[in-house]
Amino acid sequence: MAGNKPKYRTYNHPAGGWGAAAATAKVLMEQSVVGKGSRALLSMNQPGGFKCPSCAFPDATCTKKLEFCENGAKALAHEATKFRVTRDFFAQHSVTALMDQSDYWLEMQGRLTEPMRYDAVTDHYVPVSWDDAFALIGRHLRALDDPNEAEFYTSGRTANETAFLYSIFVREFGTNNFPDCSNMCHEPTSRGLPHSIGVGKGTVILDDFEHAEAIFLIGHNAGTNAPRMMTPLVEARKRGVPIVAVNPMPERALIKFTEPQDIVQMATFGATEISSEFVHIAIGGDLAFLKGMMKALFEREDAGEAVLDQAFIAEHTAGYAALRDDIAGQNWDEIVAVSGIAEEQIRRCAEIYIRSNATIICYGMGITQHQEGSRLVQQIANLLLLKGNYGRPGAGISPIRGHSNVQGDRTVGIDEKPSAAYLDKVREVFGFEPPRTHGHHTVESIEAMQAGTAKVFIGLGGNFVRAVPDTDRAYAAMRKLKLTVGIATKLNRGHLVHGEDALILPVIARSERIATAKGEQFVTIEDSMSNVTASRGVLDPASEHLLTETEIVCRIAMATLPESRVDWARYIDDYDAIRDRIAAVYPALYEGFSERIKAPMGFHLDIAPRRRVWNTPNGKANFLILPGLHANAPVADLAMLRLATVRSHDQFNTTIYSYNDRYRGVYGDRMILFMNADDIADRGLAAGTKVGVETIGGDGIARRVEGLTIIDYPMSRGSVAGYYPELNPLLPLAFYDRISGCPAAKSIPVRIVASGGAE
Ligand code: SF4
């Protein structure tokens with residue numbers, strides 16, 4: 001933080017605990033909402049209350065008085081903040097001047113209060129009426145030669161009702177261009193897993209954690225990115241359930257955690273050991289580790305031990321023999337070399353898996369953000385199939401989603417590759433012929449902007465230009481557009497990197513009440529475990545000029561499609577009517593939606609593999625092969641290190657809450673590089689040295705970030721880490737998983753260069 005001298009010191013306390021309590025109090029004070037914020041927190045994730053706008057971890061089935069974590073409190077405090085970005089603010093600050101400010105500074109300015117339009121003459125945003133704003137958008141969209149010249153982005157904060165209407169509007173307009181924040185996180189789950197088990201979602205529900213006999217956490221940092229997940233993990237450990245954590249970084253919460261709501265632990269400064277086995281994997285070594293696990297299983301099976309569920313395999317799966325051959329073809333030396341894990345430890349993990357009759361495997365971006373992310377997810381599915389870990393309590397696959405409704409948005413139509421059956425249903429329910437040509441995901445939308453074939457960008461939430469790869473090229477692409485629209489609660493850089501014409505449209509936040517002509521309305525959210533719950537705001541909107549995200553979408557549609565066949569005006573006021581349409585388009589999932597949502601804890605959507613039903617083309621769960629041991633194309637450069645871009649503990653996606661990352665011992669700095677001591681020494685460097693980092697790319701484009709302070713951190717050998725969005729300039733646009741389009745942000749090949757340019 002400007003002016004504070006950065007400090008780096010190892011954090012030896014358990015995660016959670018008094019640190020979490022203190023951080024919660026601190027953020028409420030910083031945003032000057034101690035009273036208002038504390039009252040609102042009592043309604044967060046509670047029946048009748050609002051859903052946390054941060055991550056997508058489900059609510060406990062038996063409600064506790066306090067059902068939020070430190071990071072949920074940060075998200076709420078920043079939404080409920082006293083600070084406001086008014087027309088005077090924009091009069092004082094030109095866009096060019098605002099571009100010089102940090103992402104943190106922009107976030108700290110507070111809530112947007114009224115619609116603003118960019119004035120190129122003065123380089124300032126100026127007030128615009130809602131009517132004029134919608135008319136402007138309508139004009140630009142109707143002026144396009146082809147609807148595919150527009151890109152419609154969705155952030156995972158968007159509620160089901162709005163996302164559904166957005167998907168219908170954009171399709172009636174004539175395109176499937178839906179770049180979506182999930183493209184950058186769990187898209188490999190959505191695109192890879194259906195080939196394995198017939199669904200692109202997790203099969204585990206929260207109750208399963210109470211029945212698990214073993215839990216694997218792969219490439220995920222729950223203590224920061226889904227903190228309430230620590231509760232079922234602590235309870236599992238207290239039951240003696242082994243937990244295997246696989247990560248290139250020994251994240252504090254994977255080692256030790258103090259449950260803030262456990263009075264005894266808090267009073268005695270006690271803690272729970274979380275991982276009974278910490279697997280310090282090399283970046284990109286997960287495939288080799290998973291195949292090593294499977295190899296150990298097959299060897300035990302061949303030795304006459306019945307470790308595999310042959311009955312399940314015979315009845316429910318296909319492709320078993322091919323998997324056996326693939327695994328048989330791998331040798332232990334290479335598995336050890338690529339994974340960075342000793343054979344003994346892999347065998348110990350296999351033993352834990354073998355002894356368990358009910359295993360859950362959770363995973364995050366450490367699995368998905370690789371060039372083979374989709375097929376890596378399929379290897380986790382393979383491992384679980386070998387012991388029939390689907391369709392029984394305590395077992396299954398659990399992708400941990402990072403944004404509150406990112407899964408829900410996909411379920412209700414935010415999908416650039418919609419199925420023919422879904423499009424037929426849209427035609428049947430709404431009476432127009434939707435476009436059949438698949439649209440753009442995030443990377444493709446930027447390529448279209450670069451090529452000049454995209455001319456309009458509408459951002460329903462989010463901070464697109466900061467979240468995507470290849471920052472410099474993304475900025476240049478966005479600035480070529482005719483119109484950019486940012487629908488948001490807070491000012492961010494996405495509003496400053498804009499097209500010829502630009503609008504900022506401020507929206508009512510998740511924690512705020514929605515009052516329409518039909519009375520108070522609520523929205524719905526689908527969490528990581530397919531539980532759909534109602535969310536009712538409890539705070540007054542931050543400004544009288546704000547509109548709901550639903551009204552904004554409806555009025556954009558009305559301004560763009562004067563002949564529309566959809567009753568947009570009705571949906572502005574009546575959210576039950578929207579839910580009835582959702583039920584009409586998705587009867588198998590949402591039949592009786594308006595009734596079922598009245599249940600205090602909502603309802604679970606059907607997850608067919610929980611019934612051992614596989615909605616795959618062959619009706620089976622499929623063992624699928626990813627040849628070899630590498631999840632990314634090998635790079636022949638001895639100086640190469642693999643870079644993972646990560647969040648700090650005081651960050652949610654591109655929102656920066658502070659410059660601290662206490663669990664990793666960093667205070668007041670974000671321009672840092674976590675590096676293994678031996679890798680530092682090998683390069684004749686020292687902790688505290690400022691260096692540059694350069695991408696080893698094959699496209700002839702120089703990508704370099706300067707001024708990074710080396711932090712001596714227990715990374716696995718050959719692996720380094722630093723924060724996004726600051727390091728996104730190092731991630732080439734073309735460096736992504738071909739099946740899903742997900743940028744490979746956890747395995748960027750880089751080399752260290754002296755700061756200021758010398759090799
Ligand atoms: S675990 Fe996630 S959803 Fe729950 S309160 Fe924390 S940030 Fe919010």
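Residues numbered from 1 in each chain as written. Predicted model: local features only at pLDDT ≥ 70, side-chain atom pairs only at ≥ 80, totals over all residues. Heavy atoms only, no water.

Visitor: Summarise the overall build of the chain; cite the residues concerned and give the values.
Guide: When its secondary structure is counted, the chain shows 31 helices and 33 strands. On C-alpha atoms alone, the chain measures out to a radius of gyration of 25 Å, which is about the 27 Å that the 2.2 N^0.38 rule sets for 759 residues. Its C-alpha atoms give the chain principal-axis dimensions of roughly 75 × 60 × 55 Å. In the chain, buried positions account for 65% of the 759 residues. The contacts of the chain with a sequence gap of at least 6 include a subset with a gap of at least 24, amounting to 78%. With an accessible surface of roughly 25,400 Å², the chain has 54% of that area assigned to carbon and sulfur atoms. (Helix = DSSP H or I, 4+ residues; strand = E, 2+ residues; numbered from the N terminus. Rg over C-alpha atoms; globule rule 2.2 N^0.38 Å. Buried < 20%, exposed > 50% of the residue type's maximum accessible area, 1.4 Å probe, protein only. Contact = heavy atoms within 4.5 Å. Areas by Shrake-Rupley, 256 points an atom, 1.4 Å probe, with all protein chains shown as cover.)

Visitor: Give a detailed account of the state of the cysteines, specifying residues and quantitative values.
Guide: When the sulfur atoms of two cysteines share a covalent bond, that bond is a disulfide. For the structure on display, the rule yields zero disulfides. Looking at the unpaired C185, the closest cysteine sulfur is the one in C181, lying at 5.5 Å. Overall, C185 belongs to the buried group, its relative accessible area being 15%. (Disulfide = S-S within 2.5 Å.)

Visitor: Account for the site of the ligand, naming residues and giving values.
Guide: Contacts to the ligand come from N45, C52, S54, C55, F68, C69, G72, P227 and R228. Among the cavities detected, the one that contains the ligand is the second largest cavity. Its residues placed into classes, the shell around the ligand shows five nonpolar, three polar and one charged. (Near = heavy atom within 4 Å. 1 Å grid on protein atoms, 1.4 Å probe; cavity = no way out; pocket = protein on both sides within 12 Å on 5 of 7 lines; lining within 4 Å. Sits in = over half its atoms within 2 Å of the grid points. Nonpolar A, V, L, I, M, F, W, Y, C, P; charged D, E, K, R; others polar.)

Visitor: Could you give an account of the pattern of salt bridges, naming the residues involved and the relevant values?
Guide: Within this structure, the stated rule accounts for 60 salt bridges. Residue E526 pairs with K201 through a salt bridge whose shortest N-O separation is 2.9 Å. Here the residue E526 occupies a position in strand β21 (residues 523-526), and K201 occupies one in the loop between α9 (187-197) and β8 (214-218), the gap between them amounting to 325 residues. Residue E526 shares its accessibility class with K201, and that shared class is buried. The partner of R436 in a salt bridge is E433, with the nearest N and O atoms 3.0 Å apart. Given the relative accessible area of 45%, E433 is considered partly exposed. Residues participating in the shared-partner salt-bridge network are D180, E187, R191, R410, D415, E416 and K417. (Salt bridge = Lys/Arg side-chain N within 4 Å of Asp/Glu carboxyl O.)

Visitor: Give a description of the environment of F289 that names residues and reports values.
Guide: Considering the arrangement of structural elements, one finds F289 in helix α14 (residues 286-302). As for F289 and K746, which are separated by 457 residues in sequence, their C-alpha atoms are 17 Å apart.

Visitor: Outline the packing of aromatic side chains, supporting the account with residue identities and numerical values.
Guide: A complete count under the given rule lists 28 aromatic pairs for this structure. Between Y104 and Y659 the ring centres are 5.5 Å apart and the planes differ by 75°, which places this aromatic pair in the edge-to-face class. Highlighted residues: Y104 in helix α6 (residues 103-108) and Y659 in the loop between β27 (655-656) and β28 (666-667), separated in sequence by 555 residues. Owing to a relative accessible area of 13%, Y104 belongs among the buried residues under this scheme. Taken together, the aromatic side chains of F152, Y166, F169, F173, F178 and W568 make up a single cluster linked through ring pairs. Sitting over the ring of F522, R536 keeps its end group 4.3 Å from the ring centre. Cation over ring: R738 sits above Y736, and NZ or CZ is 3.9 Å from the ring centre. (Phe/Tyr/Trp six-rings, centres within 6.5 Å; stacked < 30°, edge-to-face > 60°. Lys NZ or Arg CZ within 6 Å of the ring centre and 35° of its normal.)

Visitor: Mind laying out helix α18 (residues 343-355), listing which residues take part and the relevant values?
Guide: An α-helical turn contains 3.6 residues, so any two residues separated by three or four positions project in the same direction. Taking 1.5 Å per residue as the helical rise, α18 with its 13 residues ought to reach 18 Å, and the 18 Å between its terminal C-alpha atoms agrees with that figure. The set of residues buried in α18 consists of Q345, I346, C349, A350, I352, Y353 and I354. (Expected span 1.5 Å × (residues − 1).)

Visitor: Describe the sheet that holds β21, and please don't skip the residues or the numbers.
Guide: Taking strand neighbours across the sheet as the criterion, the three strands line up as β21-β22-β23 in an open arrangement whose pairing is antiparallel. Both edges of this open sheet fall to β21 and β23 (603-604), since each of them pairs with a single strand only. In terms of strand pairing, β21 meets strand β22 (residues 531-535) through four bridges, oriented antiparallel. Across the sheet, I525 pairs through a bridge with T533, a residue of β22. Against the sheet, helix α8 (residues 160-173) engages β21 and β22, with an angle of about 90° to β21. (Pairing = 2+ DSSP bridges. Axes fitted to C-alpha atoms, helices over the stretch in contact; angles between N-to-C directions.)

Visitor: Describe the domain arrangement of the chain, naming the residues involved and giving the relevant values.
Guide: One can read the domain layout of the chain as domain 1 (9-80), domain 2 (84-185 + 405-512 + 561-589 + 600-604), domain 3 (187-403) and domain 4 (641-753). Of note, the centres of domain 2 and domain 3, computed from C-alpha atoms alone, are 36 Å apart. Each side of the interface is counted separately: domain 2 has 17 residues, and domain 3 has 11 residues. Interface area, domain 2 with domain 3, both sides summed: about 1,200 Å², of which 45% is carbon and sulfur. It is C185, V406 and Q407 that lose the most area in domain 2 upon contact with domain 3, and together they represent 41% of the buried surface on that side. (Domains from an automatic or database assignment. Buried area = accessible area lost by both parts, 1.4 Å probe.)

Visitor: Break down the packing of helix α22 (residues 420-430) against helix α28 (residues 575-585) for me, citing the residues and quoting the values.
Guide: Viewed as axis vectors pointing N to C, α22 and α28 meet at an angle of 135°, and their least axial separation amounts to 9 Å. By the angle between their axes, α22 is oblique relative to α28. The interaxial crossing formed by α22 with α28 has right-handed handedness. Contacts from Y422, K425, V426, V429 and F430 in α22 reach R581, A584 and V585 in α28. For the contact of α22 with α28, the per-class residue count stands at six nonpolar, no polar and two charged. (Parallel < 35°, antiparallel > 145°, perpendicular 65-115°, else oblique. Left-handed = near helix turned anticlockwise from the far one by under 90°.)

Visitor: Pulling in residues and values, what's your account of the layout of surface pockets?
Guide: The calculated volume of the largest pocket comes to roughly 1,000 Å³. Taken together, 28 residues line the largest pocket, and the ones lying closest to its centre are G198, V199, G200, K201 and L589. Of all the secondary-structure elements, those providing two or more residues to the lining of the largest pocket are α9, α21 (406-411), α22 and α29 (587-590). Counting residues per element, the lining of the largest pocket draws most heavily on α9, at four residues. In the lining of the largest pocket, the residues fall into 12 nonpolar, nine polar and seven charged. The residue makeup of the lining of the largest pocket includes at least three contributed by each of domain 2 (84-185 + 405-512 + 561-589 + 600-604) and domain 3 (187-403). (Points joined across faces, edges and corners; volume = space filled by probe spheres on them.)

Visitor: Tell me about the pairing of strand β30 (residues 690-695), and name the residues and values.
Guide: Of all six residues that make up β30, five are buried, and the element is covered over most of its length. Inspection of the sheet shows β30 paired to strand β31 (residues 704-712) by four bridges, in the antiparallel sense. When the sheet's bridge partners are listed, E694 is paired in β31 with R704.

Visitor: Give a detailed account of the sheet that holds strand β33 (residues 748-754), specifying residues and quantitative values.
Guide: The pairing of strands in a sheet happens through backbone hydrogen bonds and is either parallel or antiparallel. As summarised here, the arrangement of the six strands in space is β25-β32-β29-β31-β30-β33, forming a closed barrel in which the pairing is mixed. Taken over all neighbouring pairs, the strand axes of this sheet differ in orientation by 45° on average, direction set aside. Alignment of strand β25 (residues 641-646) against β33, held across three bridges, turns out to be antiparallel. What sits directly across from L641, in β33, is V750.

Visitor: So what about α14? Which residues, and what values?
Guide: Along its 17 residues, α14 runs 24 Å from first to last C-alpha, staying within 8% of the 24 Å computed at 1.5 Å per residue. Across the 17 residues that make up α14, a large majority, 14, are buried. Phi turns positive one or two residues past the end of α14, at G304, with a value near 100°.

Visitor: Could you give me a rundown of the pairing of strand β18 (residues 501-506), with the residues and numbers involved?
Guide: The element β18 is extensively covered by neighbouring structure, given that six of its six residues are classed as buried. Both faces of β18 are covered, namely the face carrying D501, L503 and L505 and the face carrying A502, I504 and P506. Where strand β17 (residues 483-488) and β18 come together, six bridges link them in parallel fashion. By the bridge assignment for β18, L483 is matched with D501.

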